[in-house]
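So the chains spell out like this:
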Amino acid sequence: MPYPVPVAAWSSLPTLASAFILAGLGIAATLNSPSGKVLATVWDGADPDYSLLDERDATLHQRRDVEELLSAFTKGQLTRHYWGHFAPTLADLGLTADASLGVHVENSKGVSRLWLTPRRGAEAYLAQVSFNGEKLERFHCRGTAGSEVEPQADQCPVGWTTFSQLNP
């Protein structure tokens, strides 16, 4: 007497059929790719060059750290102005900059600027806090390092872009 096939075996048949159909579609799509190459032969076995990706990652980390320092500088100078004057250095604000940054603080006639020039990359940064006689104004800019830049009264230097401040 033949043994009956268990019900569990019949219930897995649609799953197996689906798997074979999907595998067939995947193989067909691979063989008909626009480049005409089979995906299995696209990778040539060489290690990928991560230098560009590493550089981009370093730039993004640098920007985040710089933006935090610019924001802290701005907050500190806003507070110090209410005490009577802007702080002449980062140390007077209780701030320190990473050794990878060139730091220059300028104070003149109701304006305080923090210039940051990273030793790596082509970007430079500026935070400015100024008192126009009625209220304090502030902005942060990013531009190209290495060129002489003339700051404007209430805006970023020519060719530089303003970026948002972290919780001013």
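Residues numbered from 1 in each chain as written. Predicted model: local features only at pLDDT ≥ 70, side-chain atom pairs only at ≥ 80, totals over all residues. Heavy atoms only, no water.

## Considering the overall build of the protein
When you go through the protein residue by residue, the secondary structure sums to 3 helices and 5 strands. For the protein, the N- to C-terminal ordering of α and β elements is α-α-α-β-β-β-β-β. Taking contacts inside the protein between residues at least 6 apart in sequence as the whole, the part at least 24 apart equals 39%. About 11,700 Å² of surface is accessible on the protein, with carbon and sulfur atoms providing 59% of the total. (Helix = DSSP H or I, 4+ residues; strand = E, 2+ residues; numbered from the N terminus. Contact = heavy atoms within 4.5 Å. Areas by Shrake-Rupley, 256 points an atom, 1.4 Å probe, with all protein chains shown as cover.)

## Here's the deal with the packing of aromatic side chains
On inspection of all chains with the given rule, the structure shows 1 aromatic pair. An angle of 85 degrees between the planes, with centres 6.0 Å apart, marks the rings of Trp 115 and Trp 160 as edge-to-face. Of the two residues, Trp 115 is situated in strand β2 (residues 111-118) and Trp 160 in the loop between β4 (136-144) and β5 (161-162); the sequence distance between them amounts to 45 residues. For the pair Trp 115 and Trp 160, a shared accessibility class is recorded, and that class is buried. (Phe/Tyr/Trp six-rings, centres within 6.5 Å; stacked < 30°, edge-to-face > 60°. Buried < 20%, exposed > 50% of the residue type's maximum accessible area, 1.4 Å probe, protein only.)

## Some details on the pattern of salt bridges
Taken as a whole and assessed by the stated rule, the structure comprises 5 salt bridges. We note a salt bridge from Glu 123 to Arg 63, for which the minimum N-O separation is 2.4 Å. A residue pair is termed long-range when its members are at least 10 positions apart, and Glu 123 in strand β3 (residues 123-131) and Arg 63 in helix α3 (residues 51-82) qualify at 60 residues. For Arg 63, a relative accessible area of 25% translates into the label partly exposed. (Salt bridge = Lys/Arg side-chain N within 4 Å of Asp/Glu carboxyl O.)

## Concerning the sheet that holds strand β1 (residues 101-108)
Strand order in the open sheet made by the 5 strands is β1-β2-β3-β4-β5, with antiparallel pairing throughout. The open sheet has two edge strands, β1 and β5, and neither has a second partner. Sheet analysis places β4 next to β5, joined by 2 bridges and oriented antiparallel. Pairing of Cys 141 across the sheet is with Thr 162, part of β5. (Pairing = 2+ DSSP bridges.)

## Digging into the pairing of β4
Across 9 bridges, the pairing between β3 and β4 is antiparallel. Its bridge partner lying in β4, Tyr 125 is registered against Arg 142. Taking the residues that link successive antiparallel strands as the turn, the β3-β4 hairpin has 4 residues, and the phi of Gly 133 there is positive, at about 100 degrees.

## So, unusual backbone geometry
Located in the positive-phi region is Lys 109, a residue other than glycine, with phi close to 40 degrees. Within the secondary structure, Lys 109 is located in the loop between β1 and β2. With a relative accessible area of 85%, Lys 109 lands in the exposed category.

## Comments concerning a nonpolar patch on the surface
Together, Ile 21, Leu 22 and Leu 25 make up an exposed nonpolar region whose accessible area comes to about 330 Å². Assignment of secondary structure puts Ile 21 in helix α2 (residues 13-31). You can call Ile 21 exposed: its relative accessible area is 55%. (Patch = residues over 30% accessible without salt bridge, like charges linked within 9 Å, V, L, I, M, F, W, Y side chains within 5 Å.)

## Some points on the nonpolar core
Leu 70, Phe 73, Leu 114 and Leu 116 are the most contacted members of the largest nonpolar core, which has 15 residues in total. If sequence neighbours within four positions are ignored, Leu 70 has contacts with Leu 114, Leu 116, Tyr 125, Leu 126, Ala 127, His 140 and Phe 163. Counting 8 residues, the second-largest nonpolar core is a separate cluster that includes Leu 126, Phe 139, Val 149 and Cys 156. (Core = buried A, V, L, I, M, F, W, Y, C linked by side-chain atoms within 4.5 Å.)

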